[in-house]
Amino acid sequence: LAGFGGESEKAEGMGFTLGYEQMLLSLVGVGAEYSLAGDEGIDMLYGYAVGKIPVGMPMMRGIVRVGYSMPMGDGADAYDPGLAFGGGLRIKPPIFPIGLEALYTIHNLEMKSTGDELGDALTGLIEVKYNVFTITATYSF
């Protein structure tokens, strides 16, 4: 999370994410995931468009995602939904159905209105970026 003058707050921990992607022509597709962030993070519903581009060896693909994030749970009380984007790398052997992805995603969120003019002006100055690094095991047919 970032605030005035580029200050930031760092939360570390583990979470759980469940998602689904539907690829078209194996290069582009759409997906959605729900993340339970644990004690220090924000639970999030994330819908996105995805592109997977071959890089290096045949079993490696670069991943680019662009979508929309919606905070859930306690995060929904403090933040409005916003745009998100990310990138990473996927490694999956050609015949084996299990792969491994490393992804870095930036969720741009906005603080909700407080109902107070001065409070809203101050929260408007705060830029909230929720950065998430995930390592994921994937299954594909």
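Above this text is the structure in question.
The following paragraphs examine the structure supplied in this document. (Residues numbered from 1 in each chain as written. Predicted model: local features only at pLDDT ≥ 70, side-chain atom pairs only at ≥ 80, totals over all residues. Heavy atoms only, no water.)

## Focus: the environment of Gly15
If you trace the backbone, Gly15 turns up in the segment before β1 (16-24). In the structure, Gly15 is positioned 23 residues away from Gly38 in sequence and 5.1 Å away in space, judged by C-alpha atoms. Not counting residues up to four positions away in its chain, the partners in contact with Gly15 are Leu36 and Ala37. (Helix = DSSP H or I, 4+ residues; strand = E, 2+ residues; numbered from the N terminus. Contact = heavy atoms within 4.5 Å.)

## What to know about the nonpolar core
Grouped together as the largest cluster of nonpolar side chains are 7 residues: Ala37, Ile42, Met44, Tyr79, Leu109, Val128 and Tyr130. Apart from residues no more than four positions distant in its own chain, Ile42 is found in contact with Ala37, Pro71, Gly75, Tyr79, Leu109 and Tyr130. Tyr48, Ile63, Ala84 and Leu103 belong to the second-largest nonpolar core, a separate cluster that totals 6 residues. (Core = buried A, V, L, I, M, F, W, Y, C linked by side-chain atoms within 4.5 Å. Buried < 20%, exposed > 50% of the residue type's maximum accessible area, 1.4 Å probe, protein only.)

## Describing a nonpolar patch on the surface
Taken together, Ile53, Val55, Met57, Met59, Val64, Val66, Phe85, Leu89 and Ile91 make up a surface patch of nonpolar side chains, about 710 Å² in accessible area. The set of elements that each furnish at least two residues to the nonpolar patch consists of β4 (60-71) and β6 (82-91). The dominant element in the nonpolar patch, judged by the number of residues it contributes, is β6, at 3 residues. (Patch = residues over 30% accessible without salt bridge, like charges linked within 9 Å, V, L, I, M, F, W, Y side chains within 5 Å. Areas by Shrake-Rupley, 256 points an atom, 1.4 Å probe, with all protein chains shown as cover. Salt bridge = Lys/Arg side-chain N within 4 Å of Asp/Glu carboxyl O.)

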